[in-house]
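# Geometric and topological summary
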Amino acid sequence: MVTIFPCAGQSSRFVGTRPKYLLTDYSGKIMVERAALGVHGPKVFVVLQKHVDEYDAETILLDTFKDVGTKIIVLDKPTSGPAETVYKALQQIENSGPFFVRDCDSFFKFEAQPGNVIYTSKLSTNLDLKGVSQLSYVISNDQNIVSNIVEKQVASDDFCVGGYQFESKTAYMKAYDSIKSSGGELFISNIIAHMLTQGEVFVNKEVQDYVNVGVLEAWQKFNNKPTIFCDIDGVVVYNQASVGRNTFQNGTYTPIKANVDHLYKLMSQGSQIVIVTA
């Protein structure tokens, strides 16, 4: 399945930086590279000519994503919104079947499934999430069948995380053509809302480990990974002496499990651990 990454926005919430999808995180990955983790198959990136000219976006993306089928679509000017950006991408790719739309400014783990799918997370498990009124929300029944999707209005506990799967390129393009004259910025949620009125069925699928970096403050917080200098004796392993039963010479060490587990947790979150000893 082809995945489309709409990267032709103005990055207006990242004042004084490169386009946000090209920003480098604490591990050396660019933002969109981290967003693409777990995404398989051909990838299509839609960027602005300005990004190519000023920031070498096309070369950076092609060097980062060496997958067979990677394609860069360069637009001369910004579109009216994400919905049009995806529409322009679909016009230039041969795929006629299912496709996945993936935002660059959120990270999550998910299990793909066939059909029309809206990937979501819950407000009740993301209590520190900022800008909740700027997200789109899904209303679904007990079987996770979507009945409605609304933009920038907290209508349920389920908010969209920036992953949308469509069964048909033709159905998406038909929906866009039907509502494009409505004016204003069109979001992916607007396309889905119209498709729902035409009898298309979408499933609400919850993701894991959701992280939103859609504003500069959240991106900086995500990258605030400390380097921790950690002594061995009394921290990683129980203290040993030069004499007695528990000496350095016997070659055995007893780890302090709680401390070791905590260090592993910090490492999994991006911290760097430097072990020091006398």
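I will try to describe carefully the structure that is included in this document. (Residues numbered from 1 in each chain as written. Predicted model: local features only at pLDDT ≥ 70, side-chain atom pairs only at ≥ 80, totals over all residues. Heavy atoms only, no water.)

## With respect to the packing of aromatic side chains
For the structure shown, the criterion picks out 15 aromatic pairs. An aromatic cluster is built from Y26, F107, W219 and F222, whose rings are joined through pairwise contacts. Positioned over the ring face of F222 is K225, at 4.9 Å from the centre of the ring. (Phe/Tyr/Trp six-rings, centres within 6.5 Å; stacked < 30°, edge-to-face > 60°. Lys NZ or Arg CZ within 6 Å of the ring centre and 35° of its normal.)

## Brief notes about helix α8 (residues 257-268)
Over its twelve residues, α8 extends 16 Å from the first C-alpha to the last, a length consistent with the 16 Å expected when each residue adds 1.5 Å. Buried residues in α8 make contact with β12 (227-231) and β13 (272-276). (Helix = DSSP H or I, 4+ residues; strand = E, 2+ residues; numbered from the N terminus. Expected span 1.5 Å × (residues − 1). Contact = heavy atoms within 4.5 Å.)

## Examining the packing of helix α4 (residues 82-91) against helix α5 (residues 169-179)
Look at α4 against α5: their axes get within 10 Å of each other, and the N-to-C directions meet at 130 degrees. Regarding the angle of α4 to α5, the classification is oblique. As α4 runs across α5, the sense of the crossing is left-handed. On α5, the residues touching P82, A83, E84, V86, Y87, L90 and Q91 of α4 are K169, Y172, M173, Y176 and D177. Grouping the constituent residues of the contact of α4 with α5 by class yields eight nonpolar, one polar and three charged. (Axes fitted to C-alpha atoms, helices over the stretch in contact; angles between N-to-C directions. Parallel < 35°, antiparallel > 145°, perpendicular 65-115°, else oblique. Left-handed = near helix turned anticlockwise from the far one by under 90°. Nonpolar A, V, L, I, M, F, W, Y, C, P; charged D, E, K, R; others polar.)

## A look at the pattern of salt bridges
Scanning all chains against the criterion turns up ten salt bridges. Between D105 and K20 there is a salt bridge whose closest N-O contact spans 2.7 Å. Taken as a pair, D105 in the loop between β4 (99-102) and β5 (106-109) and K20 in the loop between β1 (2-6) and α1 (31-35) lie far apart in primary sequence, 85 residues in all. For the residue pair D105 and K20, the accessibility class agrees, reading buried in each case. A salt bridge links D128 to K221; the nearest nitrogen and oxygen atoms lie 3.8 Å apart. (Salt bridge = Lys/Arg side-chain N within 4 Å of Asp/Glu carboxyl O. Buried < 20%, exposed > 50% of the residue type's maximum accessible area, 1.4 Å probe, protein only.)

## Overview of the nonpolar core
Nonpolar side chains in soluble globular proteins tend to be buried together. By size, the foremost hydrophobic cluster in this structure holds 38 residues, and its most contacted members are Y21, M31, V32, L61, F159 and W219. Sorting the residues of this core by element identifies α1, β2 (43-48), α3 (57-64), β5, β6 (116-122), β9 (158-166) and α7 (216-222) as the ones contributing at least two each. Counting residues per element, this core draws most heavily on α1, which supplies three residues. Ignoring sequence-local partners within four residues, the contact set of M31 consists of F14, K20, Y21, L23, C104, D105, F107, V213 and W219. If you look at the next biggest cluster of nonpolar residues, it comprises 36 residues, including V2, Y87, F166 and L196. (Core = buried A, V, L, I, M, F, W, Y, C linked by side-chain atoms within 4.5 Å.)

## Thoughts on unusual backbone geometry
The phi dihedral of D56 is positive, around 60 degrees, even though this residue is not glycine. Note that D56 resides in the loop between α2 (49-55) and α3. With relative accessibility at 40%, the residue D56 sits in the partly exposed group. The phi torsion at D209 lies on the positive side, around 55 degrees, for a residue other than glycine. Structurally, D209 is set in strand β11 (residues 208-212).

## Some words on α4
Helical periodicity: at 3.6 residues per turn, an α-helix aligns residues three or four positions apart in one direction. Judged by how many residues are buried, α4 sits mostly within the fold: seven of ten residues are covered. Listing the buried residues of α4 in full gives A83, E84, T85, V86, Y87, A89 and L90. Buried residues belonging to α4 abut β1, β2, β3 (71-75), β4, α5 and α6 (188-197).

## Observations regarding the side chain of K43
Tracing the chain through its elements places K43 in strand β2. Among the polar contacts made by the side chain of K43, one reaches the side chain of D67 at a distance of 3.2 Å. With near-sequence residues (within four places) excluded, K43 lies in contact with T3, F5, A36, F65, D67, G69, T70 and K71. (Polar contact = N/O pair within 3.5 Å; in protein donor to acceptor, adjacent residues only side chain to side chain.)

This is a description of form; function is not addressed.
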